Amino acid sequence: MVSAMVCRSAVLGAVTLSLLAVPAQAAPLRAPAARGPAAALPAPDTAGLAAVLRSVVAKGAPGAMARIDDGTQVHRAAQGVADRTTRRALTTTDRFRVGSVTKTFSAVVLLQLVDEHRLALDTSVNHYLPGLLPDDRITVRHVLSHRSGLYDYTNDLFASSVSGFESVRDKVFTYRQLVNLSLKKPRTNAPGAAYSYSNTNFVVAGMLIEKLTGHSVRTEYENRIFKPLHLTDTFYVHPDTKIPGQHASGYLTADRAGAAPVDATDQTVSWAQSAGAIISSARDLDTFYSALVRGRLTSAARLAEMERFTRVNSTTSYGLGLRRRDLSCGISVYGHTGAVQGYYTYAFTTADGTRSLTALANASNSSDVLNTLATTLEPAFCGKQSSTRGATVPLEREDVAPAAPREQ
């Protein structure tokens, strides 16, 4: 059963894994471009967006949806079902697990601590967490920009996606246990030498938050971001396993072709925590990223630090817990991608925060679904002209076991 809806409504108030192949070396850090007056954006291609979502479902996702917030209008599109058992239609108001979009939230908290003079980006992590890491040269900046060289332990946890997931679905890890899993393997590069995406980095970020504040990451997320922005659909429930309220069920594609997908909705996400355990909605992620780039969460100086980007591939750069995607029409958008068992998320906004997109598929472990969902960015930000000529994007990679996404 596939349902679809595309509509517009007035905005009521003011208004986000790596999913990438990792190069052996990354370009040097680049300072953020000067922000001049924003050029007028082409109207979103809502028909093209709906077509992409239909294709995501055709590739195997139970459902897919997208929400575009244009400042004065909201455009919504949804296809397929939120639950394979009840056949309830997926909607743009459903909550879901956002995966590595969590990393931007964690980075914001740490940058607020920099603003409060409680943390310095170019100071060794070991200064704040003595003896945690094997190299005093690894700085807070290296961790937040994925240039620490710390091995991504999820490569081993989820080398077999389904059995790996089932072994940790209900498990509760400490941060130090996760870091120790990483330290069993050689580092990928010297500190600062190259970009190499690793969930370990944002586990360390969570440890820094808790050490410097004396509070849980949940408390810091809530007091610094969720409550000030009125993100009423956004939660950090770890180690609880349930998603509060109406939500999309998430389905992990089986490792064996033809086998039924695994309902992965209920899980601790303890393997990720501050690297990927937040729950949210499309509305809240649109709000979050728009607020971030408009300077509502950090000082201008700290936002500039987030936007010092390292080139990752032909269309993507990484700052501090923040991605930049360069689209075919010349527009760059800022946000993050997310993969957690059962869910893929894209959440991005324009440089001035005037247009934001959040797109979701309630499936994972599927290269076909992932690469198709990535193409929601073009119709959302570039309009009909770009959608018509069929812009290409690099092949995406999951941030859960990035070396082993399922090919279909």
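Our subject is the structure that appears above.
Here's a quick rundown of the structure.

Rules behind the numbers
- Residues numbered from 1 in each chain as written.
- Predicted model: local features only at pLDDT ≥ 70, side-chain atom pairs only at ≥ 80, totals over all residues.
- Heavy atoms only, no water.
- Buried < 20%, exposed > 50% of the residue type's maximum accessible area, 1.4 Å probe, protein only.
- Helix = DSSP H or I, 4+ residues; strand = E, 2+ residues; numbered from the N terminus.
- Pairing = 2+ DSSP bridges.
- Contact = heavy atoms within 4.5 Å.
- Phe/Tyr/Trp six-rings, centres within 6.5 Å; stacked < 30°, edge-to-face > 60°.
- Lys NZ or Arg CZ within 6 Å of the ring centre and 35° of its normal.

## Notes on the pairing of strand β3 (residues 63-69)
Then, in step 1: The element β3 is extensively covered by neighbouring structure, given that 7 of its 7 residues are classed as buried.
Then, in step 2: Sheet analysis places β3 next to strand β4 (residues 73-80), joined by 7 bridges and oriented antiparallel. Bridged to I68 within β4 is H75.
Then, in step 3: Connecting the antiparallel pair β3 and β4 is a turn made up of 3 residues, with G71 showing a positive phi of about 90°.

## Quick notes on unusual backbone geometry
Then, in step 1: With an omega of 10°, the peptide bond between H238 and P239 qualifies as cis.
Then, in step 2: One can find P239 in the loop between α9 (217-226) and β6 (251-252).
Then, in step 3: Phi at R87 is positive, roughly 65°, even though this residue is not glycine.
Then, in step 4: Here R87 is to be found in the loop between β4 and β5 (96-97).
Then, in step 5: One non-glycine residue, H146, adopts positive backbone phi at about 60°.
Then, in step 6: Within the fold, H146 resides in the loop between α4 (140-144) and α5 (154-157).

## Considerations on the environment of P134
Then, in step 1: With respect to the element layout, P134 can be found in the loop between α3 (125-128) and α4.
Then, in step 2: Linking P134 and R187, residues 53 residues apart in sequence, is a C-alpha distance of 9.8 Å.
Then, in step 3: Those residues in contact with P134, other than ones at most four positions away along the chain, are L183 and R187.

## Description of the packing of aromatic side chains
Then, in step 1: All told, the structure shown has 9 aromatic pairs when counted by the stated rule.
Then, in step 2: A centroid spacing of 5.7 Å and a plane angle of 45° characterise the contact between Y195 and Y318, whose relative ring orientation is tilted. Highlighted residues: Y195 in the loop between α7 (175-183) and α8 (199-213) and Y318 in strand β10 (residues 316-318), separated in sequence by 123 residues. For the pair Y195 and Y318, a shared accessibility class is recorded, and that class is buried.
Then, in step 3: A ring pair is formed by Y221 and Y236, whose centres lie 5.4 Å apart and whose planes are at 70°; its orientation type is edge-to-face. Linking Y221 in helix α9 with Y236 in the loop between α9 and β6, this pair joins segments that are 15 residues apart in sequence.
Then, in step 4: Note on Y221: relative accessible area 0%, which makes it buried.
Then, in step 5: Accessibility expressed as a relative area gives 5% for Y236, which makes it buried.
Then, in step 6: Put simply, the rings of F105, Y221, F226, Y236, F288 and Y289 touch in pairs and so form one group of aromatic residues.
Then, in step 7: Positioned above the aromatic ring of Y251, the side-chain terminus of R84 is 5.7 Å from the ring centre.

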